[in-house]
Amino acid sequence: MSPRRILEIIGAVELVTLVLMLGNIVTVHQPEVSRVLGPVHGLAYTATVIAAVLVMGGRHRVWLLALVPGIGGLLASRAAPSPEDQACP
């Protein structure tokens, strides 16, 4: 699996957990849900930034986009260099 694909997956997890947490707050506001999703979202956000730094390929824009909460991982995966760009000549 390519590092770019891993960044896409982590970014999707980050976005889904954020949407679920906000949905919980707007609707039923169950503290148990927040207790579980809060740390999962925090870990996904941290993993997104770390993965973006590892795959940035000399492009600072990649990890700067990863800092955007919620959608940063997906933005960074689009800005990350493709495996063809990283191949050695």
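Presented here is a report on the structure given in the accompanying data block. Just so it is clear, the structure is predicted and the values come from calculations on it, not from any experiment.

### Observations regarding the pattern of salt bridges
- A complete count under the given rule lists one salt bridge for this structure.
- For R5, the salt bridge is made with E8, and the minimal N-O distance between the two is 2.9 Å. You can see R5 and its partner E8 sitting in helix α1 (residues 3–26), three residues apart, about one turn around the helix.
- By relative accessible area, which is 28% here, E8 ends up partly exposed.

### What to know about the packing of α1 against helix α4 (residues 72–79)
- Contact geometry of α1 with α4 gives a least axis separation of 7 Å together with a crossing angle of 160°. With respect to their mutual orientation, α1 and α4 come out roughly antiparallel. Judged by the sense of rotation from one axis to the other, the crossing of α1 with α4 is left-handed. On the side of α1, the interface is formed by R4, L7, E8, G11, A12, E14 and L15, while α4 contributes G73, L74, A76, S77 and R78.
- Tallied by class, the residues present in the contact of α1 with α4 amount to five nonpolar, three polar and four charged.

### A closer look at helix α2 (residues 31–55)
- Helix length check: α2, at 25 residues, gives a terminal C-alpha distance of 36 Å against a target of 36 Å (1.5 Å per residue), a fit within 8%.
- Positioned one or two residues after α2, G57 has a phi angle of 60°, which is positive.

About the thresholds
- Residues numbered from 1 in each chain as written.
- Predicted model: local features only at pLDDT ≥ 70, side-chain atom pairs only at ≥ 80, totals over all residues.
- Heavy atoms only, no water.
- Salt bridge = Lys/Arg side-chain N within 4 Å of Asp/Glu carboxyl O.
- Helix = DSSP H or I, 4+ residues; strand = E, 2+ residues; numbered from the N terminus.
- Buried < 20%, exposed > 50% of the residue type's maximum accessible area, 1.4 Å probe, protein only.
- Axes fitted to C-alpha atoms, helices over the stretch in contact; angles between N-to-C directions.
- Parallel < 35°, antiparallel > 145°, perpendicular 65-115°, else oblique.
- Left-handed = near helix turned anticlockwise from the far one by under 90°.
- Contact = heavy atoms within 4.5 Å.
- Nonpolar A, V, L, I, M, F, W, Y, C, P; charged D, E, K, R; others polar.
- Expected span 1.5 Å × (residues − 1).

These figures capture arrangement, not role.
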